[in-house]
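# Structural description and commentary
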Amino acid sequence: MTEILVLVDHLDGAVRKPAYELLTIARRLGTPSAVFIGGADKAAGAVESLKKYGAEKVYVVDDAQLKSYLVAPKAEALQQIAAQASPGAILITSSGEGKEIAGRLAIKLESGLITDAVDVQAGDGGPVTTQSVFAGSYTVQAKVTTGTPIITVKPNAAAPEEVAGAGAVEQFAATVSDAAKGAQIVASQPRQSTGRPELTEAAIVVSGGRGTGGDFSEVESLADALGGAVGASRAAVDSGWVPHSTQVGQTGKTVSPQLYIAAGISGAIQHRAGMQTSKTIVAINKDEEAPIFELVDFGVVGDLKAVLPAVTEQVTARKG
Amino acid sequence: MNIVVCVKHVPDSTADWQFESDNTVDRVSVDGLLSELDEYAVEQALQVKEKQGDAAEVTVTALSVGPEKAADAVRKALQMGADKGVHVVDDAIAGSDAIATSLVLAKAIEKLGAESKVDLVVCGMASTDGGMSVVPAMLAERLALPQVTLASVIETQGAQVRIKRDGDVATEVIGATLPIVLSVTDQSGEARYPSFKGIMAAKKKPFDTLSLGDIGVDAGQVGLSVAYSAVEATEARPPRTAGEIVTDEDGSGAKALVDFLAGKKFI
Ligand SMILES: Cc1cc2nc3c(=O)[nH]c(=O)nc-3n(C[C@H](O)[C@H](O)[C@H](O)COP(=O)(O)OP(=O)(O)OC[C@H]3O[C@@H](n4cnc5c(N)ncnc54)[C@H](O)[C@@H]3O)c2cc1C
Ligand SMILES: Nc1ncnc2c1ncn2[C@@H]1O[C@H](COP(=O)(O)O)[C@@H](O)[C@H]1O
């Protein structure tokens, strides 16, 4: 079976969940090979984790020479591994960085690229992807027709399956051109951990909008009572109430949780684009005409300042 | 200094979008406009120019690839303050994917560069239609330039560029030396509206309409038939069935919501 390359999304060696999802998808298409670009000292731990989710092979690229540069060196490393492995497909997480690596790689390999897949299945003559387009109003099935299919996959596209893989390590010495070192990271400030689940991975998301008036404490309390993540509309982010990393929508994150609760959010098309595919949608808004109510499974017309605290209290009581 | 800003003409996001029988996006029957996300790119290009001062000769060229109507996107950029417009239009381009679009953009930029060197290419963070967010990276690869993307703050000093960006796991400062490809987010600051003066002045600004032949691209390298990927099927998402909506009265809303959540086993 042909190798399927998976670029491993990790944080300083700690493998992130989307990487396991990609390994699970890779198994449907061929033999999963993980590509770990990171610190040599962190590789052993990462390999152990990747093995548990079915990596038959792990290419380890020591990033000492490339980690302070942006995506271009990673695209070069992947190109060189692809030249050796002739993979059946290359899977990359659909993050800002992932898509840029994929974009450069597609030009280098003269190969087709599909971004933001929400599902990937084996088909006759290559993987068939599913994408959600036009603010989630259409689903589209597509296929790469030229070269090695390069597919960026959204988080939560598959439930990670634990399957033991051989995890054979191959140290890969990538050569990075000077041209690829043109853009350098001069400073980096890691985001403070909130202790809450990752927004794109959370099963429950509670989001607040302009209607919160700037006080997100009730939104946060409900999120914590339900064990969920906190999201926001752009209006809330633009007002400086919450960091941009919490923004849901076209220019923020796409989420597809089991439960999405929108409080004080009107439901503009750009916001919908990021949450429309949630399984269950709930809204609390004092305006019964708010477009968000067109999407909901359950809606409360009311003041969030009264409704949210009461819901939090009752949820906590029921759980207690 | 020469700045090229890439602007795309897109169908209005609030319109009802459709697919054509060949599974490409219907760009004809829907009203279009300059992509709102590319307005931020025009704004930042103009700000870079303004910061250089009048003494530095800086030209901002707005470049668009697209059908006849796409000329409107270029014109809007001229009204905002760009100096020069370039529109690449050719029947053969219809249905092009990001790979082909980036080729046409790159060849057009190379042609501009042959007249006088291009120092900075500014793009939006994504098209508001097909929005893959890959054209800037592809363009950088084709032009063999560094890419500095998703900027929320841009600072230039001579040939040095520093940007700030809000990544998933960290806030980063990225540095690079011109020439580069830059992309900017909608966090980079409100885009200006064209003034009446700007609208009048735009009518007199240079505007080149180019065909594929003019930029040295073969018609066989672009368009739907050579796309590296193909859409096989499209399906409208079934409209969500209307849910239950209650009006809160003295705490009844919270109780009903909690019952709903419990019924769905979220509690
Ligand atoms: C190119 C582009 C990209 C964009 N990207 C995004 C994006 O990624 N994400 C995003 O969210 N938006 C995005 N937007 C902005 C979007 O169009 C809307 O402006 C934004 O989503 C509005 O946020 P909001 O719903 O919080 O605010 P509003 O539209 O002002 O709605 C506030 C709501 O709160 C309700 N309310 C007020 N007080 C209370 C109360 N006490 N109790 C209950 N309800 C109350 C009001 O009835 C109202 O419905 C984008 C726009 C553009 C042009
Ligand atoms: N046809 C086009 N003409 C001009 N610029 C474009 C075109 N397509 C994409 N771009 C630029 O590339 C950016 C990202 O586009 P995309 O990769 O399609 O999301 C846009 O914001 C534009 O700046």
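Residues numbered from 1 in each chain as written. Chains lettered and ligands numbered in written order. Predicted model: local features only at pLDDT ≥ 70, side-chain atom pairs only at ≥ 80, totals over all residues. Heavy atoms only, no water.

Moving on, we come to the site of ligand 2. All names here are of chain B. Contacts to ligand 2 come from 19 residues, most closely from Cys6, Asp38, Val65, Ser127 and Ser133. Separating an oxygen atom of ligand 2 from a backbone N or O atom of Met132 is a distance of 3.1 Å. Against a free-state accessible area of 480 Å², the protein chains account for coverage of 96% of ligand 2. Contributing elements (two or more residues each) for the shell around ligand 2: strand E4 (59-65), helix H3 (98-115), strand E6 (120-124) and helix H4 (135-143). With three residues, the single largest contributor to the shell around ligand 2 is E4. Broken down by class, the residue content of the shell around ligand 2 amounts to 11 nonpolar, six polar and two charged. (Near = heavy atom within 4 Å. Polar contact = N/O pair within 3.5 Å; in protein donor to acceptor, adjacent residues only side chain to side chain. Areas by Shrake-Rupley, 256 points an atom, 1.4 Å probe, with all protein chains shown as cover. Helix = DSSP H or I, 4+ residues; strand = E, 2+ residues; numbered from the N terminus. Nonpolar A, V, L, I, M, F, W, Y, C, P; charged D, E, K, R; others polar.)

Let us look at the domain arrangement of chain A. Residue and element names in this part refer to chain A. Domain assignment breaks chain A into domain 1 (3-181) and domain 2 (204-319). Taking only C-alpha atoms, the centre of domain 1 and the centre of domain 2 are 32 Å apart. Contacts between the two partners involve five residues from domain 1 and, on the opposite side, six residues from domain 2. Summed over both sides, the interface of domain 1 with domain 2 buries roughly 380 Å², with 53% coming from carbon and sulfur. Looking only at domain 1, the three residues that lose the most surface to domain 2 are Ala135, Gly136 and Lys154, adding up to 79% of its buried area. (Domains from an automatic or database assignment. Contact = heavy atoms within 4.5 Å. Buried area = accessible area lost by both parts, 1.4 Å probe.)

All names here are of chain A. Within the structure, ligand 1 sits among 26 residues, and Arg210, Ser233, Ser266, Gln270 and Asn285 are positioned closest to it. One of the backbone nitrogen or oxygen atoms of Thr251 is found 2.9 Å away from an oxygen atom of ligand 1. A distance of 2.8 Å is found between an oxygen atom of ligand 1 and a side-chain nitrogen or oxygen belonging to His271. Taking 990 Å² as the accessible area of ligand 1 by itself, protein coverage stands at 83%. Looking at the shell around ligand 1 residue by residue, the class counts come to six nonpolar, 14 polar and six charged.

Residues and elements named next belong to chain A. Every buried residue of helix H5 (residues 217-226) is listed here: Val219, Leu222, Ala223, Ala225 and Leu226. The buried residues of H5 occupy an angular sector of 165° when projected down its axis, which confines them to one face. Against strand E13 (204-208), strand E14 (229-232), strand E15 (259-263) and helix H8 (304-319) lie the buried residues of H5. (Buried < 20%, exposed > 50% of the residue type's maximum accessible area, 1.4 Å probe, protein only. Arc of directions from axis to C-beta.)

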